[in-house]
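Spelled out from the first residue to the last, the chains are:
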Amino acid sequence: MSDRYKEAQKIYEKIGVNTEKVLDEMQNLEISMHCWQGDDLNGFDNEGPLSGGIQATGNYPGKAVNAPQLMQDLDQAFALIPGKKRLNLHASYAVFEEGEWVDRDRLKPEHFKAWLEYAKKRDIGIDFNGTFFSHKYAEQFTLSSNDEEIRRFWVRHGQACIKIAEYFAEELGGQCLLNIWIPDGYKDIPADRLAPRERLTRSLDEILSIDYDKEKVQVSLESKVFGIGLESYTVCSSEYCINYAATRGILVLMDNGHYHPAEMVSDKISAMLPFHDKMALHLTRAVRWDSDHVVLFDDEIKEIAKEIVRNDALDRVFIATDFFDASINRIAAWVVGMRNIQKAFLYAMLQPESVLKELQEKEGFTELMMLQEELKFYPYQIVWEEFCRRNYVEAGKEWFDRVREYEESVLVKRG
Ligand code: RNT
Ligand code: ZN
């Protein structure tokens with residue numbers, strides 16, 4: 001324990017915050033890191049371009065092109081991130097044996113054995129996502145398609161993903177979050193908004209009708225307001241998603257890049273919690289649109305963390321990252337984003353929440369504003385240093401030297 005830390009501990013004690021308790025809580029915080037920052041969402045199962053109205057821009061050298069490379073890069077990133085981690089996989093990252101290949105509707109747990117072993121060795125959990133894009137049957141509509149063959153194909157994919165999620169949960173213990181996001185929508189004003197939504201309901205019901213362990217596999221549905229080429233209408237809009245999830249007993253997944261620019265996910269969490277036992281988040285940074293920039297230590301990420309912490313909801317909210325910037329070092333992108341989310345949670349845990357809540361209750365708004373501002377200058381960075389020290393990870397910018405070394409010795413050699 002450094003003298004700096006002891007000093008900071010005292011400063012926090014004075015406002016009723018126990019930093020040791022906070023460090024214990026931080027140790028249990030589990031963030032699910034998305035695998036797809038490592039290869040710009042290419043995946044390994046198809047040659048085609050990224051589709052579905054999402055885009056990774058940039059051409060920074062050294063992107064992973066196969067599973068061993070992606071695993072090596074993930075290890076490098078994980079080594080620079082303190083605390084507990086999980087891995088968030090997409091179905092398009094199936095690892096096939098030499099000469100073997102099956103389409104998405106025939107995926108089986110065995111195609112994810114390499115990932116299971118990866119996770120077992122590192123003692124981390126896995127979460128999973130169906131991949132309803134970047135595929136010849138995902139040109140515009142998937143689960144809401146009026147082409148029965150296509151719709152059925154994606155229903156089978158969803159069902160296959162549930163089984164794979166169940167396999168991860170059974171083998172690794174704990175739960176596996178299976179997220180469903182579909183890109184279905186129209187570029188221009190539709191004549192019928194209802195029919196695709198009715199088809200989506202039928203498809204989701206069919207996916208969920210299979211037999212699976214509902215405790216181990218937590219299914220979530222992610223909504224979206226628009227995508228590139230899907231500017232006027234998305235089938236799985238926010239209201240659709242919340243109503244579907246509420247009536248079927250599955251989780252809503254909110255991605256903070258998927259709302260109108262002035263709408264804040266931090267404000268939505270407390271509107272969800274009274275009605276939903278659990279919910280899920282994709283943390284990203286939207287710059288003017290759903291641009292999936294790396295998460296910064298900004299006001300909204302802190303506010304999201306505060307809402308989860310002060311509402312005592314850490315065990316009710318599944319937290320995952322979702323960004324993909326191909327214009328910068330991909331390992332650094334992961335590390336910056338993950339550490340910023342952890343910093344935001346640390347910052348939130350260091351707030352004297354009962355004092356602040358009481359000020360609000362007794363309408364002490366002047367003092368509330370004053371104190372919230374003063375707290376921004378409290379020495380939370382010293383508590384962060386201690387958290388990193390206890391996890392054998394560099395607390396300051398020195399971690400970037402590791403990334404530079406790795407870039408020189410591994411990434412640039414990939415050609
Ligand atoms: C797309 C959604 C979705 C994807 C990932 C790859 O806008 O955010 O979550 O980013 O599933
Ligand atoms: Zn997302």
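Residues numbered from 1 in each chain as written. Chains lettered and ligands numbered in written order. Predicted model: local features only at pLDDT ≥ 70, side-chain atom pairs only at ≥ 80, totals over all residues. Heavy atoms only, no water.

This next bit is on the coordination of the zinc ion (ligand 2). With distances of 2.1 to 2.2 Å, the protein atoms coordinating the zinc ion (ligand 2) are Glu 222 (OE), Asp 255 (OD), His 282 (ND1) and Asp 322 (OD). Each of the six donor atoms around the zinc ion (ligand 2) contributes to a set of angles spanning 72 to 169°, which defines the coordination as octahedral. Counting residues between consecutive donors of the zinc ion (ligand 2) along the chain gives the motif E-x32-D-x26-H-x39-D. Pair noted here: His 282 is in strand β9 (residues 279-283) and Asp 322 is in the loop between β12 (317-321) and α10 (330-349), with a separation of 40 residues, a long-range link. (Donors = N, O, S within 2.8 Å, 3.2 Å for Na, K, Ca; no water. Tetrahedral: all angles 85-135°; square planar, octahedral: opposite > 155°, others 65-115°. Helix = DSSP H or I, 4+ residues; strand = E, 2+ residues; numbered from the N terminus.)

A separate point is the packing of helix α8 (residues 265-272) against helix α9 (residues 299-310). To characterise two packed helices, one gives the angle between the axes of the helices and the distance between these axes. Running from N to C, α8 and α9 cross one another at 15°; their axes reach a closest spacing of 8 Å. Taken as axis vectors, α8 and α9 run roughly parallel relative to one another. Note on packing geometry: the crossing formed by α8 with α9 is right-handed. From α8, Val 265, Ser 266, Ile 269 and Ser 270 reach across to α9, where they touch Glu 300, Glu 303, Ile 304, Glu 307 and Ile 308. (Axes fitted to C-alpha atoms, helices over the stretch in contact; angles between N-to-C directions. Parallel < 35°, antiparallel > 145°, perpendicular 65-115°, else oblique. Left-handed = near helix turned anticlockwise from the far one by under 90°. Contact = heavy atoms within 4.5 Å.)

Turning next to helix α7 (residues 238-248). Among all positions in α7, only Ser 238, Tyr 240, Cys 241, Tyr 244 and Ala 245 are buried. What you see down the axis of α7 is that its buried residues fit within an arc of 160°, all on one side. Facing away from the buried side of α7 by over 90 degrees, the exposed positions are Glu 239, Asn 243 and Thr 247. Those residues of α7 that are buried are in contact with α6 (194-208), β6 (217-222) and β8 (251-255). (Buried < 20%, exposed > 50% of the residue type's maximum accessible area, 1.4 Å probe, protein only. Arc of directions from axis to C-beta.)

Time to look at the site of ligand 1. Lining the immediate surroundings of ligand 1 are 14 residues, of which His 90, Glu 222, Lys 224, Asp 255 and Asp 322 lie closest. The side chain of His 90 places a nitrogen or oxygen atom 2.7 Å from an oxygen atom of ligand 1. At 2.6 Å from an oxygen atom of ligand 1 is found a side-chain nitrogen or oxygen belonging to Lys 224. Across the complex, the protein chains shield 99% of the 310 Å² of accessible surface that ligand 1 would expose by itself. Considered class by class, the residues forming the shell around ligand 1 number six nonpolar, three polar and five charged. (Near = heavy atom within 4 Å. Polar contact = N/O pair within 3.5 Å; in protein donor to acceptor, adjacent residues only side chain to side chain. Areas by Shrake-Rupley, 256 points an atom, 1.4 Å probe, with all protein chains shown as cover. Nonpolar A, V, L, I, M, F, W, Y, C, P; charged D, E, K, R; others polar.)

Bringing the side chain of Asn 179 into the picture now. The topology assignment puts Asn 179 in strand β4 (residues 176-180). Using a relative accessible area of 3% as the deciding quantity, one classes Asn 179 as buried.

Taken as a whole, this structure holds 32 salt bridges when the rule is applied. Between Asp 105 and Arg 156 there is a salt bridge, with its nearest N and O atoms 2.9 Å apart. A residue pair is termed long-range when its members are at least 10 positions apart, and Asp 105 in the loop between β2 (84-90) and α4 (113-122) and Arg 156 in helix α5 (residues 148-172) qualify at 51 residues. By relative accessible area, which is 15% here, Asp 105 ends up buried. Judged by its relative accessible area of 32%, Arg 156 falls in the partly exposed class. Connected through shared salt-bridge partners, Glu 20, Glu 386, Arg 389 and Arg 390 make up one network. (Salt bridge = Lys/Arg side-chain N within 4 Å of Asp/Glu carboxyl O.)

Here we come to the side chain of Asp 127. Turning to its location among the elements, Asp 127 is positioned in strand β3 (residues 125-129). A distance of 2.9 Å separates the side chain of Asp 127 from the backbone nitrogen of Leu 177, its partner in a polar contact.

Geometry of an aromatic ring pair is reported as the spacing of the ring centres plus the angle between the planes. Summed over all chains, the structure comprises 19 aromatic pairs. Ring centres of Phe 297 and Tyr 380 lie 6.0 Å apart, and the angle between their planes is 45°; on these two criteria the pair is classed as tilted. Linking Phe 297 in the loop between β11 (289-293) and α9 with Tyr 380 in helix α13 (residues 380-390), this pair joins segments that are 83 residues apart in sequence. Look at Tyr 347 and Tyr 380: their rings are 4.9 Å apart centre to centre, the planes differ by 90°, and that puts the pair in the edge-to-face class. Of this pair, Tyr 347 sits in helix α10 while Tyr 380 sits in helix α13; the two residues are 33 residues apart in sequence, bridging distant segments of the chain. Residue classification places Tyr 380 among the buried residues on the basis of a relative accessible area of 19%. Every member of this aromatic cluster is reached through a ring pair, and the members are Phe 112, Phe 128, Tyr 167 and Phe 168. Taking the ring centre of Tyr 137 as reference, the NZ or CZ of Lys 136 above it sits at 5.0 Å. If you follow Lys 302 out to its NZ or CZ, it ends over the ring of Tyr 347, 5.1 Å from the centre. (Phe/Tyr/Trp six-rings, centres within 6.5 Å; stacked < 30°, edge-to-face > 60°. Lys NZ or Arg CZ within 6 Å of the ring centre and 35° of its normal.)

Bringing helix α2 (residues 19-28) into the picture now. Residues of α2 that are buried: Thr 19, Val 22, Leu 23 and Met 26. Buried residues of α2, seen end-on, are gathered within an arc of 100° and therefore sit on one face of the element. Looking at α2, the residues exposed on the side facing more than 90 degrees away from the buried face are Lys 21, Asp 24 and Asn 28. Residues of α2 that are buried make contact with α1 (3-13), α10 and α13.

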